[in-house]
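# Structure assessment
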Amino acid sequence: MPQLTDLTAAVAAGKRIDTVRITQELLAAGTGPQDIVERGLVPGMAIVGEQFKRNEIFVPEMLVAARAMKEALKLLEPLLASAGIRPKYTAIIGTVQGDLHDIGKNLISMMWRGANFAVIDLGTNVSPERYLAAAKEHNANLVGLSALLTTTMPAMKDTVRIIKAAGLTGTKIMIGGAPITQAFADEIGADGYAADAGTAVDIAKKLVGQAA
Ligand code: B1M
């Protein structure tokens, strides 16, 4: 019988067929879906995030691993839902108003899902008002803003301002994207900044109060 560590290794290596097979075998052997997610799949994506930070792997490998995890989650989600088990934290993510770049944003979204966050992806060209409405509707713990253009950085500032002004004290805001820096995050009052998808998971966990 396979072990949870075999599942972790399969996800980290981006082996989709093995990941699905091992998930099925673990389920058949009586391992709970929550254990499979938290002790099998999530550690696999954590390995991928660390490797990405160290430049040992690149975007394509990360996408392949995320796809393997997604396939396994398709099997597990109905079981988790019927047992009333939901991820503990909810994150909203989007690319800010005026900006259509979504490759980086999609990566962050996948990595957050890989870290067992419920992620609501608003897509691209998201207005400050849409972010705020979604944060309220979903009672979000985290709102992620991505921007790739220097010309759309001011939209980040507007979004941070409107969310802070709404007094959503339980909602933290993280920003990122190629032109973004920690100094800019500090300047506009964002709660966190990450330069890459691996770090984005660490910062997200810190922001929502989880041990990083
Ligand atoms: Co655009 N583009 N583009 N483009 N494009 C750039 C960004 C640019 C640097 C190219 C250049 O001139 N050298 C330049 C911006 C210059 C500037 O502002 N200083 C540029 C421009 C000018 C434009 C247009 C204006 C071009 C035109 O029409 N004249 C136009 C704008 C359209 C618009 O948005 N309104 C435009 C259009 C496009 C395409 C549609 C053709 C396409 C986007 C396709 C898509 O996303 N679906 C595109 C692309 C692909 C690029 C480049 C080549 C690649 C961007 C990318 O996906 N990188 C880019 C040049 C470059 O970067 N080499 C460029 C890979 C991705 C994984 O990295 O998104 O940085 P990145 O994400 C990283 C980190 O930044 C971080 O983690 C990710 C993983 O490590 N991160 C976060 C990202 N979001 C985060 C959020 C977080 C935390 C971390 O927390 C929430």
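Small disclaimer: the values here were computed from a predicted structure and weren't measured.

## Section: the nonpolar core
Leu41, Trp112, Phe117, Leu142 and Met174 are the most contacted members of the largest nonpolar core, which totals 42 residues. Of all the secondary structure elements, the ones that give two or more residues to this core are helix H1 (4–12), helix H2 (16–28), helix H3 (33–53), helix H4 (59–82), strand S1 (89–95), helix H5 (103–114), strand S2 (117–121) and helix H9 (197–207). With eight residues, H4 is the single largest residue contributor to this core. When residues are assigned to domains, this core turns out to be shared by domain 1 (4–82) and domain 2 (89–211), each giving three or more. Ile92, Ala155, Ile163 and Ile180 belong to the second-largest nonpolar core, a separate cluster that totals 25 residues.

## A short note on the domain arrangement of the protein
Split by domain assignment, the protein resolves into domain 1 (4–82) and domain 2 (89–211). Just the C-alpha atoms count here: the centres of domain 1 and domain 2 sit 24 Å apart. Between domain 1 and domain 2, the contact holds 13 residues from the first and 12 residues from the second. When domain 1 packs against domain 2, close to 1,000 Å² is buried across both sides, 75% of that on carbon and sulfur atoms. Connecting domain 1 to domain 2 are one salt bridge. As a salt-bridge pair, Asp202 and Lys53 come within 2.4 Å of each other at their nearest N and O atoms. Summed over the shared surface of domain 1 and domain 2, the result is one residue pair in polar contact (both at pLDDT 80 or more).

## Some thoughts on unusual backbone geometry
Positive phi, normally seen in glycine, also occurs at Asn116, with a value near 70 degrees. Within the fold, Asn116 resides in the loop between H5 and S2. We classify Asn116 as partly exposed; its relative accessible area is 22%. Even without being a glycine, Asn139 presents a positive backbone phi close to 50 degrees. Relative to the elements of secondary structure, Asn139 occurs in the loop between helix H6 (128–137) and strand S3 (142–146).

Procedures and definitions
- In this convention, every chain numbers its residues from 1, walking through the sequence in written order.
- For a predicted model such as this one, the threshold for reporting local features is a pLDDT of at least 70, and the threshold for listing and counting side-chain atom pairs is 80 or more; totals across whole chains, interfaces and linings nevertheless cover every residue.
- As a rule here, side-chain values cover all heavy atoms of the structure and leave hydrogens and water aside.
- Among buried residues, those of type Ala, Val, Leu, Ile, Met, Phe, Trp, Tyr and Cys that are joined through side-chain atoms within 4.5 Å constitute a nonpolar core.
- For the exposure calls, accessible area comes from a 1.4 Å probe over protein chains only, and a residue counts as buried if that area is under 20% of its type's maximum, exposed if over 50%, partly exposed in between.
- Counting from the N terminus, the helices are DSSP H or I runs at least four residues long and the strands are E runs at least two residues long.
- In this entry, domain limits derive from an automatic or database-based domain assignment.
- The criterion used for residue contact is that any of the two residues' heavy atoms lie within 4.5 Å.
- A 1.4 Å probe defines the accessible area here, and the buried area is the portion of it lost by two parts on being joined, summed over both.
- In what follows, salt bridge is the name for a side-chain nitrogen of Lys or Arg lying within 4 Å of a carboxyl oxygen of Asp or Glu.
- In the analysis that follows, any N or O atom pair within 3.5 Å is treated as a polar contact, provided that within protein one partner can donate a hydrogen and the other can accept it, and provided that, for residues neighboring in sequence, both atoms belong to side chains.

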